[in-house]
Amino acid sequence: TIVFCISIFELPLLGAKRKTIKMTGDLYPEITTVGSLAKALDIEFAKINSSLRSSSSINIRQLPTTYARVENKKRFSQVYIAAKEKLYLPDFWRDGVCLAHGSTNNIYELIQALTYWLSKDVDTTSLVEKFQFVTANKEAKAFDENNEVSYKWDLILNDSSKKDIKPFVELAVKDNIVSRLFPFTSLMRLCFSRCTGYPYTSDTPIVTPINKNRFEVRTAKNVLIGIGNAKEALKMVKDNLPLDIKPAIKGTAEDLQNCT
């Protein structure tokens, strides 16, 4: 099933709402002519014989509360439109990760890029090379090359703002089990996921630095496991991992659930 969704932002509220709607309508005649963004997109999809279609009729007068997206299997895109200038702003997701963003004032270019990304098994590099208005996110290359786990560990290890967690990370990246999980941070906490895309899994311990080379380890349900140095914290993490722990898979928590 292929669904198209639209998000709107940068729209003044309250007293300026009526003026904003008129201004937005003037910027997007292809939308106002047919009555909704969804209908305008359907017309463009049909022109290029794409099977993508809008899921519902979303009228421009509903701004700014409407939201939808286009999805095909493990890929989806969200599209935002600007209010102060004519811009379609799509993003490009695969396996739960946003890999690229775009900015174009041409609805035909937008439709071409969405169809290419969602209907073909292409990587981010191919998308960016084909559509100059699309820019890859900095992590895209690592995800395209299936190197996202080690990329993320290196990113955290070399982040000067996360120096308090560094002693633990230096040990964890050498561990044959923990280093194969996907690390991510939440405030000061270091978390681990069994998948590389969002939403992540939430069934592994969490490590929080409390002072120099002292770490608090808690379960995902916030139950204290213990406090210790980096070596002791790593042991606590390993001792409290799920019994069937395996290297993080590409995809989301739902994908992991479906393959177990």
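The numbers attached to residues start from 1 for each chain and follow its sequence in the written order. Under the rules for a predicted model, residues below a pLDDT of 70 receive no local features and side-chain atom pairs below 80 are neither given nor counted, while totals for whole chains, interfaces and linings still include all residues. For side-chain calculations, the full set of non-hydrogen atoms in the structure is used, while hydrogens and water are omitted.

On to the layout of surface pockets. Using a grid of 1 Å spacing that covers the protein atoms alone, one calls a set of points a cavity when a 1.4 Å probe fits there but cannot get out, and a pocket when the set is open and has protein on both sides within 12 Å along at least five of seven lines; lining residues are those with an atom within 4 Å of a point. Grid points are joined across faces, edges and corners, and a volume is the space filled by probe spheres set on the points. Empty space within the largest pocket amounts to approximately 290 Å³. In terms of lining residues, the largest pocket is bounded by 15 residues, among which Arg-69, Glu-71, Phe-76, Thr-252 and Glu-254 are the most central. Helical segments are the DSSP runs of H or I of at least four residues, strand segments are the runs of E of at least two, and each set is numbered from the N terminus. Elements that contribute at least two residues to the lining of the largest pocket include exactly β3 (75-77) and α10 (253-258). Broken down by element, the lining of the largest pocket gets its largest block of residues, 3 residues, from α10. The residue classification treats Ala, Val, Leu, Ile, Met, Phe, Trp, Tyr, Cys and Pro as nonpolar and Asp, Glu, Lys and Arg as charged. All others, Gly included, are polar. Its residues assigned to classes, the lining of the largest pocket comprises 4 nonpolar, 3 polar and 8 charged. Roughly 210 Å³ of internal volume is contained in the second largest pocket.

This part is about helix α3 (residues 37-47). Note on helix geometry: an α-helix contains 3.6 residues per turn, so any two residues three or four positions apart are oriented the same way. We call a residue buried when its accessible area falls under 20% of the maximum for its residue type, exposed when it is over 50%, and partly exposed in between, using a 1.4 Å probe and counting protein chains only. Burial in α3 covers these residues: Leu-37, Ala-38, Ala-40, Leu-41, Glu-44 and Phe-45. The buried residues of α3 occupy one face: seen down the axis, they fall within an arc of 160 degrees. This arc is taken over the directions from the axis of the helix to the C-beta atoms.

Looking now at unusual backbone geometry. For the bond from Tyr-198 to Pro-199, the omega torsion is 5 degrees, close enough to zero to count as cis. Along the chain, Pro-199 falls in the loop between β9 (189-193) and β10 (206-211). At Asn-49, a residue that is not glycine, the phi angle is positive and equals roughly 60 degrees. Among the secondary structure elements, Asn-49 is positioned in the loop between α3 and β2 (70-72). For Asn-49, a relative accessible area of 71% translates into the label exposed.

With respect to the helices, strands and loops of the structure, Asp-144 is situated in helix α6 (residues 140-144). Only 3.0 Å separates the side chain of Asp-144 from the backbone nitrogen of Thr-124, close enough to count as a polar contact. Each residue touching Asp-144, except ones within four places of it in the same chain, is listed here: Arg-94, Leu-99, Asp-123, Thr-124 and Thr-125. Polar contact is the term for a pair of N or O atoms within 3.5 Å; when the atoms are in protein, one must be able to donate a hydrogen and the other to accept it, and sequence-neighboring residues count only if both atoms are side-chain atoms. By the convention used here, residues are in contact when the closest approach between their heavy atoms is within 4.5 Å.

Note that β10 and strand β11 (residues 214-218) share 5 bridges and pair antiparallel. Paired with Pro-209 across the two strands is Phe-215, which belongs to β11. For two strands to pair, DSSP has to find at least two bridges joining them. Between β10 and β11, which pair antiparallel and follow one another directly, the connecting turn spans 2 residues, one of which, Asn-213, has a positive phi of 55 degrees. Two elements, β11 and strand β12 (residues 224-228), share 4 bridges in a ladder whose sense is antiparallel. Note on β12: the bridge partner recorded for Val-217 is Gly-226. Between the antiparallel neighbours β11 and β12 lie 5 residues, among them Asn-222 with a positive phi of about 70 degrees.

Let's shift gears to the confidence of the model for the protein chain. Interpreting fine coordinate detail is not advised for predicted regions of low pLDDT. A score from 0 to 100, pLDDT tells how confident the predictor is in each residue. Residue-level pLDDT values for the protein chain average 86, and 85% of them are 70 or greater. Considering only residues more than four positions removed or in separate chains, one finds that residues 1-18, a stretch of pLDDT under 50, has 60 contacts. In the model, residues 63-68 has pLDDT below 50 throughout and makes 20 contacts with residues more than four positions away in sequence or in other chains.

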